[in-house]
Amino acid sequence: MPGSAAETDAAGYRSLLFSIAYGMTGSVGDAEDIVQDAFLGLTRARQAGTVIANLKAYLTTAVTRLGISYLSSARVRRERYVGEWLPEPVVVPAEPGPAEHAELADSLSMAFLVLLEALSPVERAVFMLREVFAYGYPDVARITGKTEVNCRQIFARARQRLAAGGAAGGRARDSVPAPARRAEGEELARRFFEAAAGGDMDALLGMLAPDVVLHADGGGKTQAITKRLAGRENVTRMLVSLLRRARNMGVSIRLAWVNGQPGAVFYDAEGRVVSVIELDTGPNGDGDGVVQAMHAVVNPDKLGHLGPVSDLARLPGEGSHR
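Residues numbered from 1 in each chain as written. Predicted model: local features only at pLDDT ≥ 70, side-chain atom pairs only at ≥ 80, totals over all residues. Heavy atoms only, no water.

Asker: When you look at the packing of helix 6 (residues 121–131) against helix 7 (residues 137–144) in this model, what are you seeing that I'm missing?
Answerer: When two helices pack together, their arrangement is given by the angle between the helix axes and the distance between those axes. Put simply, helix 6 and helix 7 touch, their axes get as near as 10 Å, and they point 145 degrees apart. The hand of the helix 6/helix 7 crossing is right-handed. Of the residues in helix 7, those in contact with A125, V126, L129 and R130 of helix 6 are Y137, V140, I143 and T144. When grouped by side-chain class, the residues that make up the contact of helix 6 with helix 7 number 6 nonpolar, 1 polar and 1 charged. (Axes fitted to C-alpha atoms, helices over the stretch in contact; angles between N-to-C directions. Helix = DSSP H or I, 4+ residues; strand = E, 2+ residues; numbered from the N terminus. Left-handed = near helix turned anticlockwise from the far one by under 90°. Contact = heavy atoms within 4.5 Å. Nonpolar A, V, L, I, M, F, W, Y, C, P; charged D, E, K, R; others polar.)

Below is the structure:
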């Protein structure tokens, strides 16, 4: 029978469940729907008299399998997507405080989620459960409904595919202590966006890796580049031009953590969200932090969970965001 204690126990897994669902879908809204569906399934099972011996195992299995079903139907839609596809950003304030989705920290960056798009739904589930959430193969097999031997083969195949795509064997684990990495990331983001907003090209050039790449997702609905832009000089010129226009339109920048990486949210003069930018940072040859890649989400359909969305960047004829 469901009761307050049981409901509290289930709610305690919500952050983990959201992270698994988000890692599978790349969508905040769909991840929340999947988690809710898993909780509804739990309620129905209990009402039917089902005894659930391991609540965490039951919920993680439900969320993972719902995620696999979601991906099977979403793949066709993504093949028709206009421009580059990026995940919906998970944003938490840069100011100290508990992150709403703590399980995401440093695990599901935009670059990593984009790489996962190369995998089949089952490959994605197996790889993510093993690599990101450190589940053992017996648990991965139980959750996905595959044999343990099959899961080992699926994981090895997925890792090879990601390595071929530039992931170097999967997600790189950061050896720098979290507080130190966070402080360095916040400071780099602060200097970076100040230089961009002020048009300081020399400062920007010093903070960008030579082979930096700018990715943007406008979904064909906004004034965003449809192909990645590579090279320090090209990216710098683009940033300075964009930020100059944004400043003239009253756009403000608020630092934030985006998918566990330093970044910022852009707001128009009325406080509505214009875009979100994530910075992928790493050391240069001298050990100093530089921006190696940028992921900008401008598609209004992917920003609504953050608040009212601006029409500043919207293409003519696209109408207002609902």
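Here the narrative resumes, following the displayed structure.
Asker: What is the right way to read the packing of aromatic side chains from this model?
Answerer: What describes a pair of aromatic rings is the distance from one ring centre to the other and the angle between the planes of the rings. One pass over the structure, following the stated rule, counts 6 aromatic pairs. An angle of 85 degrees between the planes, with centres 5.2 Å apart, marks the rings of F192 and F193 as edge-to-face. The residues F192 and F193 share a single accessibility class, namely buried. Here F193 and F266 contribute two aromatic rings whose centre-to-centre distance is 6.0 Å and whose plane-to-plane angle is 75 degrees, an arrangement assigned as edge-to-face. Taken together, the positions of F193 in helix 9 (residues 178–198) and F266 in strand 5 (residues 261–267) put the pair 73 residues apart, joining distant regions of the chain. (Phe/Tyr/Trp six-rings, centres within 6.5 Å; stacked < 30°, edge-to-face > 60°. Buried < 20%, exposed > 50% of the residue type's maximum accessible area, 1.4 Å probe, protein only.)

Asker: How should the environment of R190 be read in this particular structure?
Answerer: Topologically, R190 is positioned in helix 9. With 65 residues separating them in the primary sequence, R190 and L255 have C-alpha atoms 7.2 Å apart. In terms of polar contacts, R190 uses its side chain to reach the side chain of E187, at 2.5 Å. (Polar contact = N/O pair within 3.5 Å; in protein donor to acceptor, adjacent residues only side chain to side chain.)

Asker: Hey, could you run me through the confidence of the model for the chain in this one?
Answerer: As a note on interpretation, predicted positions should not be read in detail where pLDDT is low. Summarising the model, the chain shows a mean pLDDT of 86, and 86% of its residues fall at 70 or more. Summarising per-element confidence for the chain, the mean pLDDT is lowest in helix 1 (residues 4–11) (67) and highest in helix 7 (97). Contacts from residues 97–103, a stretch scored under 50 in pLDDT, to residues over four places away or in other chains number 10 contacts. Contacts for the low-pLDDT stretch residues 168–175, under 50 throughout, to residues beyond four places or in other chains number 14 contacts. (pLDDT = per-residue confidence, 0-100.)

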